[in-house]
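Inside the fold
Below, each chain spelled out in residue letters.
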Amino acid sequence: MNARQMRYGPLPVERVDVAVIGGGVVGAAVARALAGHELSVALVEARCDVGDGTSKANTAILHTGFDATPGTLESRLVRRGCELLAEYAGATGIPVERTGAVLVAWTDEELAALPGLAAKAVKNGYERCEIIGAEEVYRQVPALAPGALGGLTVPDESIICPWTTTLAFATEALSRGAYVLLNTRVEGVESGGDGDTVLRTGRGTLRAGWVVNAAGLGSDVIDGLFGHRRFTVTPRRGELFVFDKQARPMVNRIVLPVPSSRGKGVLVSPTIYGNVMLGPTAEDRDDRTDTSTSEHGFDFLLEKGRKLMPALLDEEVTASYAGLRAATEHGDYQVHLDAGQRYLVLGGIRSTGLTSAMALAEHTLGLLGDAGLRLDAKATLPDPPRMPNIGEAFPRPYQRADLIAEDPAYGTAVCFCERVTEGEIRDALASPIPPADVDGLRRRTRALMGRCQGFFCGAEVEKRLRAGESQ
Ligand SMILES: Cc1cc2nc3c(=O)[nH]c(=O)nc-3n(C[C@H](O)[C@H](O)[C@H](O)COP(=O)(O)OP(=O)(O)OC[C@H]3O[C@@H](n4cnc5c(N)ncnc54)[C@H](O)[C@@H]3O)c2cc1C
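Residues numbered from 1 in each chain as written. Predicted model: local features only at pLDDT ≥ 70, side-chain atom pairs only at ≥ 80, totals over all residues. Heavy atoms only, no water.

A word on the sheet that holds strand β3 (residues 61-62)
Spatially, the 3 strands line up as an open sheet ordered β3-β8-β4, and their pairing is antiparallel. Only two strands of the sheet have a single neighbouring strand rather than two, namely β3 and β4 (96-97). (Pairing = 2+ DSSP bridges. Helix = DSSP H or I, 4+ residues; strand = E, 2+ residues; numbered from the N terminus.)

Now the structure itself:
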């Protein structure tokens, strides 16, 4: 299938063995895993791009799962997903940095909670946490505000590029023969009468032998279309600040708060793109589409930032954004299989889905296989895709004399703040899943995400995108 068929016109396929609804990080990982078998697979996504929902706006931490609730499905899958994704990142070039984290106790109560957190980490299968005194906390994070009483180290917490991750999964699903159907919203579900399900979409109908619901914030709605009322998604908004690259030397590891019942709390973290982020907030909302930021969110983050690391607030804020966690009334992932309906829902993947996506995919194969889906591994598979590096810790094209000597387009900057070159933009536009808009191009190259936020290069980047589209 070509890039046009992905997004426009009638669907290029009438029936597949498995349809995966939702092209976020979870659905893309599941489609990739299924497409490694002798099955026809479709990844069905309402938006014009993969990874354009919650998967594009998170804190981008590859969690060890040290603080999960022991015994939950989430705990098991985060732990396993962390291993799988770290390995996959190595194979595909997804930028990842094992910065480690330090969880900081600011009160006597928090200090007293550290041994319990260390024991919990062990119960979650993670044994490398260590309790440290205040002196060591300040040695590790000198810019921290005064008043820290002690901490807990988590040496394997890592930062990762969430955009490249989803794109790599979807690109590999495509290269393994899956249909990637974008701009294709599932609007209705009917029984096909022969065991198949008929999905009514904005681009026509698609029959599927099996359906996996990975629709994120819409997973309860799709579950309802299958006749279930098992959980309700309440979007939990998380707002974040991104600080300029000047702040990066101040933060060389993730600084975590002691978690509460409301979630993981506000952290300070380096980003894979060389910035620093502060956030996220946690606020339940009604609107599943509202990813706007708010004045009260900003005030809250400023207050938190001032308490945590006052020097950080002297640095410029380059951007702010918000993401919506698919929180439910339950404390664990909502994974339910209906063998009779040949239907599986992967819902309530709240704060850890980037980390657990590959493990959720593995779990999906197990559940569907047990329920009767025949899973014969393909005898040969294409090599995993080699993703363009947009991480700051690894050589970027503008730094590589060998690449520039071969192709001067990698030596010609278009976005000066982020040093994105003509060659990278050209490659993104010609890639198997090209961007649909400037935001998609930004997620593939970093163009426009620097301190000028596109003020200088925006028109040029847009021009190149339009020229790419018309080819
Ligand atoms: C503020 C914040 C911080 C986070 N930090 C981290 C972190 O540090 N580490 C971590 O591991 N996780 C983190 N997460 C969680 C992680 O981002 C999510 O768990 C993950 O992105 C969920 O992926 P998904 O594929 O389930 O959902 P999504 O990315 O939302 O994908 C679901 C897709 O389904 C599509 N869809 C919905 N309805 C339909 C329909 N009817 N038809 C077709 N398509 C449909 C949507 O358009 C969407 O693209 C964070 C989340 C937030 C909000």
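That was the structure; now back to the text.
Quick word on the environment of Pro432
Structurally, the position occupied by Pro432 is in the loop between α11 (422-429) and α12 (438-445). Taking the C-alpha atoms as reference points, Pro432 and Leu174, separated by 258 residues in sequence, lie 8.0 Å from one another.

Here's the deal with the state of the cysteines
Here the structure, examined in full by the defined rule, presents 0 disulfides. With no disulfide of its own, Cys82 lies closest to Cys129 among cysteine sulfurs, the gap being 12 Å. Judged by its relative accessible area of 9%, Cys82 is buried. Free cysteine: Cys161, not disulfide-bonded; nearest cysteine sulfur from Cys415 at 15 Å. (Disulfide = S-S within 2.5 Å. Buried < 20%, exposed > 50% of the residue type's maximum accessible area, 1.4 Å probe, protein only.)

Digging into the domain arrangement of the chain
What the domain assignment lists for the chain is domain 1 (3-56 + 162-233 + 330-370), domain 2 (97-156 + 236-327) and domain 3 (397-470). Centre-to-centre, using C-alpha coordinates, domain 1 lies 30 Å away from domain 3. With 16 residues of domain 1 at the contact, the number on the domain 3 side is 11 residues. Buried area between domain 1 and domain 3, both sides added, is near 1,100 Å², and the carbon and sulfur share of it is 64%. The interface formed by domain 1 and domain 3 contains 4 salt bridges. Among the ionic pairs, Lys56 bridges to Asp439, the shortest N-O distance being 3.3 Å. Along the contact surface separating domain 1 from domain 3 lie 5 residue pairs in polar contact (both at pLDDT 80 or more). Mapped onto the side of domain 1 that touches domain 3, the elements with two or more residues apiece are α1 (3-7) and α6 (162-175). For the side of domain 1 that touches domain 3, the element with the most residues is α6, which contributes 5 residues. (Domains from an automatic or database assignment. Contact = heavy atoms within 4.5 Å. Buried area = accessible area lost by both parts, 1.4 Å probe. Salt bridge = Lys/Arg side-chain N within 4 Å of Asp/Glu carboxyl O. Polar contact = N/O pair within 3.5 Å; in protein donor to acceptor, adjacent residues only side chain to side chain.)

Here we look at the UniProt feature "domain: BFD-like [2Fe-2S]-binding" (unreviewed entry) in the chain
Residues annotated by UniProt as "domain: BFD-like [2Fe-2S]-binding" (unreviewed entry) correspond here to residues 414-463. For the annotated span residues 414-463, helix accounts for 44% and strand for 8% of the residues, and the straight-line distance between the end C-alpha atoms is 11 Å. (UniProt positions renumbered as here; feature names shortened; annotations may be inferred.)

Regarding unusual backbone geometry
Gly279 connects to Pro280 through a cis peptide bond whose omega is -10 degrees. Note on placement: Pro280 falls in the loop between β16 (276-279) and β17 (283-284). Even without being glycine, Asn183 reaches a positive phi, approximately 55 degrees. Inspection of the secondary structure assignment puts Asn183 in the loop between β9 (179-181) and β10 (186-191). Given a relative accessible area of 29%, Asn183 falls into the partly exposed group. Of note, the phi angle at Gln453 is positive, near 50 degrees, even though the residue is not glycine. By secondary structure assignment, the location of Gln453 is in the loop between α12 and α13 (458-469). Given the relative accessible area of 41%, Gln453 is considered partly exposed.

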